[in-house]
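Listed below, chain by chain, are the residues.
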Amino acid sequence: MDTWQALGRTAQARPRRPEDDEHLEWILVHPNALRPCNNRRPAPEMPRANTDGKALKSSFMHRWSKLFVPTLREAPADAEVASHKFLLRAGYVRQLGAGIYNYLFLGQRSFNKIIAIVREEMDKIGQEFYLPGILPREPWEESGRWGVMGDNMFRLKDRKGADLCLGMTHEEIMTSIARNELRSYKQLPQIWYQIQTKFRDEPRPKSGLLRVRQFTMKDSYSFDLNAAGLDKSFDLHDQVYRRIFTRCGLKFVAVEADSGSMGGSQSQEFMVYTDAGEDLIASCPVCNYAANLEKATSRLEPVTEIDPTGDGSPELVHTPGCAAIADVAAFFKISPASDIKCVAYMALKRGAKETWHGVAAFLRGDHQVNETKLMGALGAAELRPMVAEELEQYLHGPAGYLGPVGLNHDAQPMGDGLTVIIDKSLEGRKNMVCGANKLDYHIRNVCAGRDFTWTLAADIRSVNEGEACPQTDAHGASCSGKLVVGKAVEVGHIFKLGYKYSEAMGARVLDENGKEVTPIMGSYGIGIERILTAAIEQKNDANGFCLAASIAPFTVVVTVTNVGDQALRETGEQLAAELEAAGLDVLLDDRDERAGVKFKDADLVGIPYRINVGKKAASGLVELVSRATGQSVDVAVAEAAAQVKQRVDEERLLADSQ
RNA sequence: CGGGGAGUGGCUCAGCCUGGUAGAGCACCUGGUUCGGGACCAGGGGGUCGGAGGUUCAAAUCCUCUCUCCCCGACCA
């Protein structure tokens, strides 16, 4: 109210002009325009009960004719994925640079609604903080991540030359607060969260808002006394995340995920299936198994070993020109499953200093290396293929003819010599074919363990679609399902971090025995714009997209088909006022445009309900159109508001019941 | 970072090969006719052709360098 009075006075200070009212109205409609940082708080509901005077009441209405909603008939050529095209066409966003976007009115409204849902749910389990986006170097040095983050971290210097970075995640900062403030087990558990801008200098921003360099994240961090406590915090987040995504109208799956460089034991991603996604998910249609391909396993059918030749001992065979698996298989008339494939890498180990180590990975000819798993098994930070000289140095052989027989390997991974790592599916295998580390030669009758050994055996392969589900039931019986692989986008991720940060940064509390202990941590993220993007990817058609009422910028648009007709205009105004009174976000399309233009625009921008005020209004009827189904029903003007309210309430009820 | 593509009014694009000083549709402004799925007529405004340098009497067009954006890959707590 202070704002309104102050503005009122300013406006009165000079002779009133007709446009003053309009301008005043504009500001009143947008109380946030005067807030310095409306990103931090959702648009507060205006205190409707406290409003006085007709002017204010009527000014509440959002009239399309007064708004800036720059819809585009055609999508800019730069946009490829559906969500990107539609966000641009619907006037939600405009691009400023690669992976950098302006949010316009509709985009920001939708955004604020998503944030409001996230906040409402997160407040049930945690406490909201707000940490800075610009961060000093020191905490990152303490955790060891100043170096690890590499070029993905935006770095800058202040005027004194001190190093700063733009926050890409906040484990360090939250942990520093915990270290400084938490003293006793009695203060645990704690769940602290924030909704804040993150910066990541992505090597390749892409797909509109799917991979960007500045985005908004809800990130939370839990501090518990012990593993059981962490399990609880993790489960709380799991439950709350499910509610958040459900309320936002997303169809999602929770999948097992790789922990990556975050460290930690368990991690779960919340994924939305869409071809625009960058992740591959393996899931079982029979049981509930679902995992990121970086993590997924499968049950392999036993391989029928081929018969040995000669006395069964390894035999050198001249195989000219057979460098590829397919050539070798054809030459020996065997299945690729009986061939041993070698993929040779140089692996980076990060410690006090960075060192590169030779690694030879062996697996079945018909399998593919999963580099995420491989790095995990090795404890490597990066991988790159060996070059020819390195192949010669470590394996003494040329590409295409590499094999495990006769290799000198280290006993421990990532030593000075060669690390030989085999996929578990090779253990116990017999009579296989492999390269001889000699141009144009292979060896047959090769048995794992007898003819070659290894530094370590691990699961380092990617599962293939159609392989058997790895799950077993309570009685130990195998699941009968076959895995299917689909593309998805990650909208949330929850991690059990363990002690990595609390230990590194020296956070300690006293337990009930007065003994110093390190709290155990979890970290949990939700990408706010990815919710919007995923929702659009999930529900769009030729005309535009459809958002759930919970996250749409407006719940209902009242389309006055012909504003030249005063009766229609008045009916529209009145109906919109009723919808407002019912607590719905209403947009009144009072533009002097042809009906077709307004219908197209309404469909484009994703508002879930539309009420057409047209010819039938004379007989007291309007049309209620659902964007999702396209279905239209005639309802009495007097009933329309209640009908929309009922549908929206049902949608919310449905979400709540899940 | 490797590979590919593109920069010409706000948007989509033509013109470039074969140099001669910029065009269409949509959008925008004015007037009129229209008015239920992106109307029509008439008139009008708006572009140093991403930037720099060069060749030439003359460059959107040819050459060199550079910047930006998009796609594939690498990468991606």
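1. As for the overall build of chain A
Link 1 in the chain: Broken down by element type, chain A carries 17 helices and 34 strands.
Link 2 in the chain: For chain A, the C-alpha atoms occupy an extent of roughly 105 × 60 × 50 Å along the three principal directions.
Link 3 in the chain: With 658 residues in all, chain A has 50% of them scored as buried.
Link 4 in the chain: Summing over all exposed atoms, chain A offers an accessible surface of approximately 30,200 Å²; the carbon and sulfur share of this is 51%.
Link 5 in the chain: Both charge centroids of chain A, one from 78 positive and one from 89 negative side chains, sit 3 Å from each other.

2. Side note on the packing of helix H15 (residues 566-581) against helix H17 (residues 637-657)
Link 1 in the chain: The geometry of H15 relative to H17 is characterised by a closest axis approach of 9 Å and an angle of 35° between their N-to-C directions. The handedness of the crossing between H15 and H17 is right-handed. Every residue of H17 that contacts H15 at Thr-571, Leu-575, Glu-578 and Leu-579 is listed here: Val-637, Ala-638, Ala-640, Ala-641 and Val-644.
Link 2 in the chain: Of the residues contributing to the contact of H15 with H17, the split by class is seven nonpolar, one polar and one charged.

3. So, the nonpolar core
Link 1 in the chain: Of all hydrophobic cores here, the largest spans 63 residues; its most connected members are Tyr-92, Tyr-241, Ile-244, Phe-245 and Leu-547.
Link 2 in the chain: Here this core spans two domains, and each of domain 1 (95-297 + 484-535) and domain 3 (554-658) adds at least three residues to it.

4. Looking at the sheet that holds strand E21 (residues 441-446)
Link 1 in the chain: Pairing in this open sheet of three strands is antiparallel, and the strands run E14-E21-E20 from one edge to the other. Two strands lie at the open edges of the sheet, namely strand E14 (315-318) and strand E20 (432-435), each paired on one side alone. In this sheet, adjacent strand axes meet at a mean angle of 30° when their direction is disregarded.
Link 2 in the chain: Alignment of E20 against E21, held across three bridges, turns out to be antiparallel. Each bridged residue has a counterpart across the sheet, and for Cys-434 the counterpart in E21 is Ile-443.

5. Focus on the domain arrangement of chain A
Link 1 in the chain: Examined at the domain level, chain A breaks down into domain 1 (95-297 + 484-535), domain 2 (315-462) and domain 3 (554-658).
Link 2 in the chain: The gap between the C-alpha centroids of domain 2 and domain 3 is 65 Å.

6. Digging into the sheet that holds strand E30 (residues 556-560)
Link 1 in the chain: The strand order across the open sheet built from six strands is E1-E31-E30-E32-E33-E34, with neighbouring strands paired in mixed fashion. Two strands close off the open sheet at either side, each with one partner strand: strand E1 (62-63) and strand E34 (632-636).
Link 2 in the chain: The sheet contact formed by strand E32 (residues 609-613) and strand E33 (residues 621-626) spans four bridges and is antiparallel. Each residue of the ladder has a partner; that of Asn-612, found in E33, is Glu-623.

7. A closer look at H15
Link 1 in the chain: Helix length check: H15 (16 residues) gives 22 Å between terminal C-alpha atoms against 22 Å at 1.5 Å per residue, within 8%.
Link 2 in the chain: Within the span of H15, buried status applies to Leu-568, Thr-571, Gly-572, Leu-575, Ala-576, Leu-579 and Glu-580.
Link 3 in the chain: Buried residues along H15 sit against E30, strand E31 (586-589), E32, E33 and H17.
Link 4 in the chain: The N-capping residue of H15, defined by a side-chain oxygen 2.9 Å from the backbone nitrogen of Ala-567, is Asp-565.

8. Considerations on the packing of helix H4 (residues 82-89) against helix H14 (residues 528-538)
Link 1 in the chain: As a packed pair, H4 and H14 sit with axes 8 Å apart at the nearest point and diverge in direction by 105°. Looking at the two axes, H4 sits roughly perpendicular to H14. Touching Ala-82, Ser-83, Phe-86 and Leu-87 of H4 are Leu-532, Thr-533, Ile-536 and Glu-537, all from H14.
Link 2 in the chain: Looking at the contact of H4 with H14, its residues break down into five nonpolar, two polar and one charged.

9. Overview of the pairing of strand E16 (residues 354-364)
Link 1 in the chain: Taken across its 11 residues, E16 has eight buried, putting it largely inside the fold.
Link 2 in the chain: Judged from the 11 bridges that link them, strand E15 (residues 340-350) and E16 form a sheet pairing that is antiparallel. When the sheet's bridge partners are listed, Arg-350 is paired in E16 with Glu-354.

10. Details of unusual backbone geometry
Link 1 in the chain: In the segment running from Leu-188 into Pro-189, the intervening peptide bond is cis, with an omega of 0°.
Link 2 in the chain: With a phi close to 60°, Met-414 is a non-glycine residue in the positive phi region.
Link 3 in the chain: When you line up the elements, Met-414 lands in the loop between helix H12 (388-395) and strand E19 (418-423).
Link 4 in the chain: The backbone phi angle of Asp-440 is positive, close to 65°, even though this residue is not glycine.

11. Regarding the packing of aromatic side chains
Link 1 in the chain: A complete count under the given rule lists 13 aromatic pairs for this structure.
Link 2 in the chain: Here Phe-86 and Phe-545 contribute two aromatic rings whose centre-to-centre distance is 6.1 Å and whose plane-to-plane angle is 50°, an arrangement assigned as tilted. Within this pair, whereas Phe-86 is found in helix H4, its partner Phe-545 is found in strand E29 (residues 544-545), the two being separated by 459 residues in sequence.
Link 3 in the chain: With relative accessibility at 8%, the residue Phe-86 sits in the buried group.
Link 4 in the chain: These aromatic residues form a ring-pair network of at least three members: Tyr-241, Phe-245, Phe-252 and Phe-270.
Link 5 in the chain: Positioned above the aromatic ring of Trp-356 is the side chain of Arg-384, whose terminal nitrogen or guanidinium carbon lies 5.1 Å from the ring centre.

12. Examining the environment of Ala-534
Link 1 in the chain: If you trace the backbone, Ala-534 turns up in helix H14.
Link 2 in the chain: Along the primary structure Ala-534 and Leu-87 are separated by 447 residues, whereas in three dimensions their C-alpha atoms are 12 Å apart.
Link 3 in the chain: With residues up to four places along the chain from it excluded, the contact list for Ala-534 reads Leu-250, Val-272, Val-489 and Val-491.

Definitions and limits used
Residues numbered from 1 in each chain as written. Chains lettered and ligands numbered in written order. Predicted model: local features only at pLDDT ≥ 70, side-chain atom pairs only at ≥ 80, totals over all residues. Heavy atoms only, no water. Helix = DSSP H or I, 4+ residues; strand = E, 2+ residues; numbered from the N terminus. Buried < 20%, exposed > 50% of the residue type's maximum accessible area, 1.4 Å probe, protein only. Areas by Shrake-Rupley, 256 points an atom, 1.4 Å probe, with all protein chains shown as cover. Lys, Arg positive; Asp, Glu negative; His and termini not counted. Charge placed at Lys NZ, Arg CZ, Asp CG, Glu CD. Axes fitted to C-alpha atoms, helices over the stretch in contact; angles between N-to-C directions. Left-handed = near helix turned anticlockwise from the far one by under 90°. Contact = heavy atoms within 4.5 Å. Nonpolar A, V, L, I, M, F, W, Y, C, P; charged D, E, K, R; others polar. Core = buried A, V, L, I, M, F, W, Y, C linked by side-chain atoms within 4.5 Å. Domains from an automatic or database assignment. Pairing = 2+ DSSP bridges. Expected span 1.5 Å × (residues − 1). Polar contact = N/O pair within 3.5 Å; in protein donor to acceptor, adjacent residues only side chain to side chain. Parallel < 35°, antiparallel > 145°, perpendicular 65-115°, else oblique. Phe/Tyr/Trp six-rings, centres within 6.5 Å; stacked < 30°, edge-to-face > 60°. Lys NZ or Arg CZ within 6 Å of the ring centre and 35° of its normal.

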